[in-house]
Amino acid sequence: MRIVVAPDKFKGSVTAHEAASQLAAGIRDARPDAHVDVLPVADGGEGTLDAALGAGFERHELRVTGPVGAPVTAAWARRGEEAVVEMALASGLAALPHTDGRPVLAARTATSRGTGELVAAALDAGCTRVLLGVGGSASTDGGAGMLAALGVRLLDARGRDLPDGGAALADLATVDVAGLHPALARTEFVLAADVDNPLTGPRGAAAVFGPQKGASPEDVDVLDAALATFRDRLAETLGDAALRTATAPGAGAAGGVGYAALAVLGATLRPGIDVVLDLVDLDSAVAGADLLVTGEGSLDEQSLGGKTPLGVLRVGQRHGVPVVAVCGRTTLDPETLRTTGFSAVHELRALAPDADTSMREAPRLLREVGHRLVWD
């Protein structure tokens, strides 16, 4: 029996690698003769770098500017001339200072500069293709910080460099791209994102995602207006294409980093799960397998919109391999679960007395589920 185990993280409990390892251990407990391929995956957000490392990329650590200016240790990954940059590691909510286990949000001032520093490191190393995963961001700066780290100067009316953060863009008078990193011209960028929001407006980066980053209604108004100023000043430098790109699907991703990637870096937008599944070459692993196991912390309506379990399911269906989903919990009703196409769905919460226990003891429960998958 050959089984491929390809879950995402169970947020708040275990990483994708830990989930895959525990499921695989349970399978081997029950069937020592089984051949188990472990391929942790992600949807383009948190965990994307780990998926790349599992696929043979090499990790490169770097001290970069964190989301509120203090340095943080982040990493990017390389295989040949291809690089993977995970924004969450340098400029994400997890990289913010924490108090009592909670991030100290900084809606107006958080920056994407550290992400740009990771990209610059990849360019300096000679990479000519960069996969940019942008989930889990802490900033709403339109990608201005990322561009600044790549050589763009953002100047006020007196010719002074603006401070970092989305709110500061309200004072932007000039965008100077003369110092852009020279390697950008020969580098292909892929933007791994799952949102189709524009940069500004009622569906824009500030209005939709700002509150998750601590933005009050007043902050949302300030940030949205500042992003509009950024768009207009960038269009004065780059032309009307920068205006059109602001309304393109994905421009509002990661507080507008999507906009900077599309308008300045010439990135191509792809669903995050598709990028990662190509990265780990899940198709090749699944061909000829007897069973494919995937999962994530919560199997819900968002999952059906293109998150990891559905992306993995599509691969299994292409190869005629049954796919089992494992989750911490599911909010989908039995009829919806029947129509998804999974051959079975296993919920950790059903094996624990309460939700807290299922999260705290997720490693043990995942191993138990792995055992049941092949013992039953």
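Quick note: structure is the one above.
Residues numbered from 1 in each chain as written. Predicted model: local features only at pLDDT ≥ 70, side-chain atom pairs only at ≥ 80, totals over all residues. Heavy atoms only, no water.

Topic: the packing of aromatic side chains
Here is step 1: In this structure the tally under the stated criterion is 1 aromatic pair.
Here is step 2: Each ring, one from Phe230 and one from Tyr259, has its centre 6.1 Å from the other, and the planes form 80 degrees; the classification is edge-to-face. You can see Phe230 sitting in helix H7 (residues 217-238) and its partner Tyr259 sitting in helix H9 (residues 257-263), a full 29 residues away along the chain. Of the two residues, Phe230 and Tyr259, neither departs from the other in class, the shared state being buried. (Phe/Tyr/Trp six-rings, centres within 6.5 Å; stacked < 30°, edge-to-face > 60°. Helix = DSSP H or I, 4+ residues; strand = E, 2+ residues; numbered from the N terminus. Buried < 20%, exposed > 50% of the residue type's maximum accessible area, 1.4 Å probe, protein only.)

As for the side chain of Thr294
Here is step 1: As for its placement among the helices and strands, Thr294 is situated in strand E13 (residues 291-299).
Here is step 2: Engagement of the side chain of Thr294 in a polar contact is seen with the backbone oxygen of Ala6, the distance being 2.9 Å.
Here is step 3: Ignoring sequence-local partners within four residues, the contact set of Thr294 consists of Ala6, Pro7, Thr308, Pro309, Val312, Val323, Val324, Ala325, Val326 and Phe342. (Polar contact = N/O pair within 3.5 Å; in protein donor to acceptor, adjacent residues only side chain to side chain. Contact = heavy atoms within 4.5 Å.)

Regarding the sheet that holds strand E2 (residues 35-38)
Here is step 1: The sheet built from 5 strands is open, its strands ordered E2-E1-E13-E14-E15 with parallel pairing. Either end of the sheet is taken by a strand with one partner, and the two such strands are E2 and strand E15 (344-347). Strand-to-strand twist across the sheet, computed as the mean angle between neighbouring axes with direction ignored, equals 25 degrees.
Here is step 2: Taken together, the 7 bridges between E13 and strand E14 (residues 323-330) define a ladder with parallel strand orientation. Looking at the pairing, Val293 lines up with Val324 of E14.
Here is step 3: The sheet strands contacting helix H1 (residues 16-30) are strand E1 (2-5), E2, E13 and E14, and the helix crosses E2 at an angle near 175 degrees.
Here is step 4: Seen against the sheet, helix H13 (residues 308-319) touches E13 and E14 and runs at an angle of roughly 165 degrees to E13. (Pairing = 2+ DSSP bridges. Axes fitted to C-alpha atoms, helices over the stretch in contact; angles between N-to-C directions.)

What about the pattern of salt bridges?
Pairing is possible between side chains of opposite charge, provided their charged atoms come close.
Here is step 1: Applying the stated rule across the entire model yields 26 salt bridges.
Here is step 2: The residue Arg231 makes a salt bridge to Asp232 at a minimum N-O spacing of 2.9 Å.
Here is step 3: Across the pair Glu335 and Arg338 runs a salt bridge, and its minimum N-O distance is 2.6 Å. Within this pair, Glu335 and its partner Arg338 are both found in helix H14 (residues 334-340), separated by 3 residues, close to a single helical turn. (Salt bridge = Lys/Arg side-chain N within 4 Å of Asp/Glu carboxyl O.)

Remarks on the packing of H1 against helix H16 (residues 362-375)
Helix-helix packing is described using two parameters, namely the angle between the two axes and the distance between the axes.
Here is step 1: Packing of H1 against H16 leaves a shortest axis separation of 7 Å and a crossing angle of 45 degrees. In this view, H1 runs oblique relative to H16, as classed from their interaxial angle. Every pair of crossing elements has a handedness; the one defined by H1 and H16 is right-handed. In this structure, H1 uses Ala19, Gln22, Leu23, Ala25, Gly26, Ile27, Asp29 and Ala30 to contact H16, whose residues at the interface are Pro363, Leu366, Arg367, Val369, Gly370, His371, Val374 and Trp375.
Here is step 2: Of the residues belonging to the contact of H1 with H16, the class tally is 10 nonpolar, 4 polar and 2 charged. (Parallel < 35°, antiparallel > 145°, perpendicular 65-115°, else oblique. Left-handed = near helix turned anticlockwise from the far one by under 90°. Nonpolar A, V, L, I, M, F, W, Y, C, P; charged D, E, K, R; others polar.)

Here's the deal with the nonpolar core
Here is step 1: The biggest cluster of nonpolar side chains holds 53 residues, and the ones touching the most others in it are Val134, Leu154, Leu169, Phe230 and Leu265.
Here is step 2: With 6 residues, the top contributor of residues to this core is helix H4 (residues 113-124).
Here is step 3: Apart from residues lying up to four places away in sequence, Val134 is in contact with Gly44, Met87, Leu191, Ala192, Ala193, Ala253, Ala254 and Val257.
Here is step 4: Formed by 26 residues, the second largest nonpolar core is a distinct cluster that contains Val276, Leu299, Leu313 and Phe342. (Core = buried A, V, L, I, M, F, W, Y, C linked by side-chain atoms within 4.5 Å.)

A word on the packing of helix H10 (residues 272-280) against H13
Here is step 1: Remark: H10 packs on H13, axes separated minimally by 9 Å, with the N-to-C direction vectors making an angle of 50 degrees. Considered as vectors, H10 and H13 are oriented oblique to each other. In this structure, H10 meets H13 at a crossing whose hand is right-handed. Counting all contacts with H10, which are made through Ile273, Asp274 and Leu277, the residues of H13 involved are Thr308, Gly311, Val312, Arg314 and Val315.
Here is step 2: When the residues that make up the contact of H10 with H13 are grouped by side-chain class, the tally is 4 nonpolar, 2 polar and 2 charged.

As for H1
Here is step 1: Counted at 1.5 Å a residue, the expected span for H1 with its 15 residues is 21 Å, and the 22 Å between its end C-alpha atoms agrees.
Here is step 2: The set of residues buried in H1 consists of Ala16, Ala19, Ala20, Leu23, Ala24, Ala25, Gly26, Ile27 and Ala30. (Expected span 1.5 Å × (residues − 1).)

Regarding the pairing of E13
Here is step 1: The element E13 is largely enclosed, with a buried count of 8 among its 9 residues.
Here is step 2: Looking at chain direction, E1 and E13 are connected through 3 bridges and run parallel. When the bridges of E13 are listed, Val4 appears paired with Leu292.

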